[in-house]
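Overview (structure and organization)
Chain by chain, the residues run as shown.
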Amino acid sequence: MLHEALTEEIIYWFYQVHHKLGFGFLEKVYKNALYLELTNAGLKCETEKPINVYYNGKVVGVFYADIVVDGKVILELKAVESMCKEHEYQLINYLKACELEVGLLLNFGKKAEMKRLIYTNDRKTVS
């Protein structure tokens, strides 16, 4: 599995943060706590990393990835009661728009939820 060891470590810290903070904070609180744990573990993290979205070879917008870990995995964080399909589509679109191939959708809801999504570069048509 692509970046399996890295995603397993990220998921471990996600559950640690969820266990310590519980449910009910804003997404930013969880992002800050997860960033702290990941960087303390020696991982290189970028928050609110801007990623251009192209259409017909032209930039038509930009999105800001919650956290990018080691330049390999996009983390899309949520703090909602439960995840829905739209959250998965959002992360897939982020993966389509950049060179990264692995994303984790992490929800700090009443019950911790996570999804690992892959969209390989050979399937992408954007440049």
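Scoring rules and cut-offs
Residues numbered from 1 in each chain as written. Predicted model: local features only at pLDDT ≥ 70, side-chain atom pairs only at ≥ 80, totals over all residues. Heavy atoms only, no water. Axes fitted to C-alpha atoms, helices over the stretch in contact; angles between N-to-C directions. Helix = DSSP H or I, 4+ residues; strand = E, 2+ residues; numbered from the N terminus. Parallel < 35°, antiparallel > 145°, perpendicular 65-115°, else oblique. Left-handed = near helix turned anticlockwise from the far one by under 90°. Contact = heavy atoms within 4.5 Å. Nonpolar A, V, L, I, M, F, W, Y, C, P; charged D, E, K, R; others polar. Buried < 20%, exposed > 50% of the residue type's maximum accessible area, 1.4 Å probe, protein only. Expected span 1.5 Å × (residues − 1). Core = buried A, V, L, I, M, F, W, Y, C linked by side-chain atoms within 4.5 Å. Patch = residues over 30% accessible without salt bridge, like charges linked within 9 Å, V, L, I, M, F, W, Y side chains within 5 Å. Areas by Shrake-Rupley, 256 points an atom, 1.4 Å probe, with all protein chains shown as cover. Salt bridge = Lys/Arg side-chain N within 4 Å of Asp/Glu carboxyl O.

Naming follows an unreviewed UniProt entry, where the protein appears as GxxExxY protein of Paludibacter jiangxiensis.

Helix H2 (residues 27-40) packs onto helix H1 (residues 4-21) with a crossing angle of 130° between their chain directions and a minimal axis gap of 9 Å. The angle between the axes of H1 and H2 places the two elements in the oblique class. In this structure, H1 crosses over H2, and the sense of that crossing is right-handed. On H2, the residues that touch Ile10, Trp13, Phe14, Val17, Lys20 and Leu21 of H1 are Val29, Tyr30, Ala33, Leu34, Glu37 and Leu38. Counted by class, the contact of H1 with H2 contains ten nonpolar, no polar and two charged residues.

On to unusual backbone geometry, then. It is generally the case that most residues other than glycine have a negative phi and that most peptide bonds are trans. Here Glu48, not a glycine, exhibits a phi torsion of approximately 50°, which is positive. If you trace the backbone, Glu48 turns up in strand S1 (residues 45-55). The exposure class of Glu48 is partly exposed, given its relative accessible area of 36%. Of note in this structure, Asp70 is not a glycine but carries a positive phi near 50°.

Attention shifts here to helix H3 (residues 85-97). Taking 1.5 Å of rise per residue, 13 residues should cover 18 Å, and H3 covers 19 Å from first to last C-alpha, within 8% of that figure. All of the buried residues in H3 are His87, Glu88, Leu91, Ile92, Tyr94, Leu95 and Ala97.

Okay, the nonpolar core next. Core analysis: the largest hydrophobic core is formed by 22 residues, its most contacted members being Ile10, Leu34, Leu38, Val69, Leu75 and Leu106. Of all the secondary structure elements, the ones that give two or more residues to this core are H1, H2, strand S2 (58-69), strand S3 (73-78) and strand S4 (102-108). Residue contributions to this core peak at six residues, all from H1. For Leu75, the contacting residues outside a window of four places in its chain are Ile10, Leu34, Leu38, Asp66, Ile67, Val69, Leu104 and Leu106. Of all hydrophobic cores here, the second largest spans 16 residues; its members include Ala65, Leu91, Ala97 and Cys98.

Take a nonpolar patch on the surface next. Together, Leu21, Phe25, Leu26 and Val29 make up a nonpolar patch on the protein surface, roughly 350 Å² of accessible area in all. Turning to its location among the elements, Leu26 is positioned in the loop between H1 and H2. Classification of Leu26 as exposed rests on a relative accessible area of 67%.

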